[in-house]
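# Architecture at a glance
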Amino acid sequence: MRSQFSVSLITLALLGLSGCVAPMSKDKGFDPQQAVQRGSGGGAVVAQTIRLPSQLPPMKAFSQTRTSAPVRANSLIMGDFLDLSFELESGRTLPVLSRFETPITVAVKGQAPQHMQADLEHLLGRLRREAGINIKRGRASASGLITIEMIPKRKLQKHVPHAACFVAPNVSGWGEYLRARGTAQTDWTKLRQRTKMSVFLPSDVSPQEMRDCLHEEIAQAIGPVNDLYRLENSVFNDDNFHTVLTGFDMLILRAYYAPELQSGMSRAEVAQRLPAVLERINPAGGTGSPRITPGSPTAWKQAIVDALGRHKPKQSRQAAAQRAVSIARQRGWQDTRLAFSLFAQGRLSMQTDSQAAFAAFREAEAIYLSRSGTELHAAHMGVQLSAYALSAGHADQAVETINRHLPAVKQAQNAALLATLLMIKAEALEHMGRIDEAQRVRLDSLGWARYGFGSNAQVGARLQEIAAIAPG
């Protein structure tokens, strides 16, 4: 299940980074033929404007995916595999491994946008090539079927409030799921072999959010259904920084469908066979027995949930973020869990203490940059740091920060983050007097923004936010 509170980490309140920046324009509409106006500190409108094309450029999309092999030792990957495969996100234990034992077919129920269909074909191709899984598009009557159904977001969250999208076992479609919800039929702990699954996606979100949901939910429909905060380069992580399946994820899925394993095996039986499996499919990872990494304490996980949730007062959420940072420091963590705690703290401090937020983002960025496979995580900090630099009038620093992070964002195929970084860069270049270059960068950002944010109104809203950050 892809959680709602972290599905779009990039949609942060950039304007809250500094109390001295101009307020955003009150105009809620967006006309590409109009200029975006910057307000000065006193609320007056200055003459400088952003000239937009009469029509937005075509939506851009990523055509190729480049993944790298995981750098973790096989002994650690074995522990990751066991925790992913034999536990649920709730902490409940799964008694046996379950998977499809026949070729997997995927059917889309009803009408789906063309961009989603293209993203699905791309994903299935990757699963065949990189994970060695026999999976393809099929008809609704085929055996071993995964059914994908598009549901309006409000309707979906009426029944599963905290989910952006999710997968359910032993059902074929929304109606069957509603009838079987809460019964043994949809209880993952009762599952011994997978014969049919349903993936439910929101129908009224951006193309990128649909794609992100496709990757995580299809992966969980065929493989592990757990998420682990300790994983750094994986979609099987509740921090949701990675949104497309990584090389690590493909290795996990390849192992999941190794001929040495089968549905109905216990954790002990799988653990006995895993060393040979991983030595065969990932020889660079070495040999050894599974090394189990201690799980994240419940108190820390609850603090993160409370901090990033939307249903508690701001002060309570800030206290929860501080609690998460304190737990991480007390435990001596110097990994992604401390960095993610700092990210939450920075996010919630932006409007009340911009300097504290800046310090939290800087420390988180340093932790991510010091580790292998977390370049994308660092880029999420970079968008905050570059916005802060721009608001303070340090345009050259903003451009330098953005250029440092662009390669990782492109490789991770995060169009929303890429568009935002390019929009900030365009503002910074304009502030430096490099007008023509700024216009080219801004135009480039718009194609990615259409994929990452969806509607023209949302694209325009992001442009307005960033324009308001720049010094008037």
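In this text, all values refer to a predicted model and were calculated from it rather than measured experimentally.

### Focus on the overall build of the chain
- In terms of helices and strands, the chain carries 16 helices and eight strands.
- Excluding contacts between residues fewer than 6 apart, the proportion of contacts in the chain whose partners are at least 24 apart in sequence is 72%.
- When the accessible surface of the chain is summed, it comes to about 19300 Å², and 49% of that surface belongs to carbon and sulfur atoms.

### Re the packing of helix α12 (residues 375-391) against helix α13 (residues 395-412)
- Packing of α12 against α13 brings their axes to within 8 Å, and their N-to-C directions diverge by 150 degrees. By the angle between their axes, α12 is roughly antiparallel relative to α13. The handedness of the crossing between α12 and α13 is left-handed. Listed contacts from α13 to E375, L376, A378, A379, G382, L385, S386, A389 and L390 of α12 are Q397, A398, T401, I402, H405, A408, V409 and A412.
- The residue makeup of the contact of α12 with α13, split by class, is eleven nonpolar, five polar and one charged.

### Concerning the pattern of salt bridges
- Under the defined criterion, the tally for this structure stands at 22 salt bridges.
- The salt bridge partner of D335 is R337, with a shortest N-O separation of 2.8 Å. In this structure, D335 and R337 share a single accessibility class: buried.
- For E365, the salt bridge goes to R404, with nearest N and O atoms at 3.1 Å. Placement of E365 in helix α11 (residues 354-369) and of R404 in helix α13 is noted, with a sequence separation of 39 residues between them.
- Salt bridges sharing common partners tie together R72, D80, D83, R230 and R267.

### Re the environment of H122
- Residue position: H122 is located in helix α2 (residues 114-131).
- In this structure, the C-alpha to C-alpha distance between H122 and Q64, residues 58 residues apart in sequence, is 8.5 Å.
- Once you skip the residues sitting within four places of it in the chain, H122 turns out to touch S63, Q64 and T65.

### Section: the packing of helix α8 (residues 298-308) against helix α9 (residues 314-330)
- At a minimum axis distance of 8 Å, the contact between α8 and α9 shows a crossing angle of 150 degrees. Taken as axis vectors, α8 and α9 run roughly antiparallel relative to one another. α8 and α9 meet at a crossing whose hand is left-handed. Side by side, α8 and α9 meet where A299, W300, A303, I304, D306, A307 and L308 of the first sit next to R317, A320, A321, R323, A324, I327 and A328 of the second.
- When its residues are assigned to classes, the contact of α8 with α9 shows eleven nonpolar, no polar and three charged.

### Description of the packing of aromatic side chains
- The final tally for this structure, using the stated rule, is 18 aromatic pairs.
- Between F241 and Y368, the aromatic rings sit 6.0 Å apart at their centres with planes inclined by 75 degrees, giving edge-to-face as the arrangement. On the criterion of sequence distance, the pair formed by F241 in the loop between α5 (207-222) and α6 (247-256) and Y368 in helix α11 is long-range, its members being 127 residues apart.
- Among the aromatic residues, those joined into a cluster by ring pairs are Y229, F241, W300, W333, F340, F343, F361 and Y368.

### Some points on α9
- Relative to the 24 Å expected for 17 residues at 1.5 Å per residue, α9 spans 24 Å between its end C-alpha atoms, a close match to the ideal helical length.
- Packed against the buried residues of α9 are α8 and α10 (336-349).
- Just past α9, the residue G332 takes up positive phi, approximately 75 degrees.

### Topic: the state of the cysteines
- Tallying each qualifying case throughout the model produces one disulfide.
- Through a disulfide, C165 is tied to C213; the S-S separation comes to 2.1 Å. Residues C165 and C213 are joined through a disulfide that is left-handed, its torsion about the S-S bond being -90 degrees. Highlighted residues: C165 in strand β7 (residues 163-169) and C213 in helix α5, separated in sequence by 48 residues.

### Points about the nonpolar core
- Among the nonpolar cores identified, the biggest contains 64 residues, and M116, L127, I146, I148, I222 and V270 are the most heavily contacted of them.
- Setting aside chain neighbours within four positions, we find I146 in contact with F100, I104, T105, V106, A107, M197, V199, I218, A221 and I222.
- By size, the runner-up hydrophobic cluster in this structure holds 39 residues, among which are L406, L429, A438 and A470.

### Remarks on the pairing of strand β8 (residues 196-202)
- Of all seven residues making up β8, six are buried, and the element is well covered by its neighbours.
- Judged from the seven bridges that link them, strand β6 (residues 145-151) and β8 form a sheet pairing that is parallel. Within the sheet, the bridge partner assigned to E149 lies in β8 and is F200.
- Two elements, β7 and β8, share four bridges in a ladder whose sense is antiparallel.

### Focus on helix α15 (residues 435-453)
- If you check α15, its first and last C-alpha atoms are 25 Å apart, about what 19 residues at 1.5 Å a residue would give, namely 27 Å.
- Within α15 the residues assigned to the buried category are A438, V441, R442, S445, L446, G447, W448, A449, Y451, G452 and F453.
- At the exit of α15 stands G454, carrying a positive phi of roughly 95 degrees.

### What about the confidence of the model for the chain?
- On average, residues of the chain score 86 in pLDDT, and 87% of them reach the 70 mark or higher.
- Within the model, pLDDT remains below 50 along residues 5-13, and this stretch shows 30 contacts once partners closer than five positions in the same chain are excluded.
- A low-confidence stretch, residues 15-49 (pLDDT under 50), is modelled with 67 contacts involving residues beyond four sequence positions or located in other chains.

### Examining unusual backbone geometry
- Even without glycine at this site, N170 takes up a positive phi of about 65 degrees.
- Within the element layout of this structure, N170 appears in the loop between β7 and α4 (174-180).
- With relative accessibility at 18%, the residue N170 sits in the buried group.
- Even without glycine at this site, Q413 takes up a positive phi of about 60 degrees.
- Mapped onto the fold, Q413 is located in the loop between α13 and α14 (415-431).

Cut-offs and rules
- Residues numbered from 1 in each chain as written.
- Predicted model: local features only at pLDDT ≥ 70, side-chain atom pairs only at ≥ 80, totals over all residues.
- Heavy atoms only, no water.
- Helix = DSSP H or I, 4+ residues; strand = E, 2+ residues; numbered from the N terminus.
- Contact = heavy atoms within 4.5 Å.
- Areas by Shrake-Rupley, 256 points an atom, 1.4 Å probe, with all protein chains shown as cover.
- Axes fitted to C-alpha atoms, helices over the stretch in contact; angles between N-to-C directions.
- Parallel < 35°, antiparallel > 145°, perpendicular 65-115°, else oblique.
- Left-handed = near helix turned anticlockwise from the far one by under 90°.
- Nonpolar A, V, L, I, M, F, W, Y, C, P; charged D, E, K, R; others polar.
- Salt bridge = Lys/Arg side-chain N within 4 Å of Asp/Glu carboxyl O.
- Buried < 20%, exposed > 50% of the residue type's maximum accessible area, 1.4 Å probe, protein only.
- Phe/Tyr/Trp six-rings, centres within 6.5 Å; stacked < 30°, edge-to-face > 60°.
- Expected span 1.5 Å × (residues − 1).
- Disulfide = S-S within 2.5 Å.
- Core = buried A, V, L, I, M, F, W, Y, C linked by side-chain atoms within 4.5 Å.
- Pairing = 2+ DSSP bridges.
- pLDDT = per-residue confidence, 0-100.

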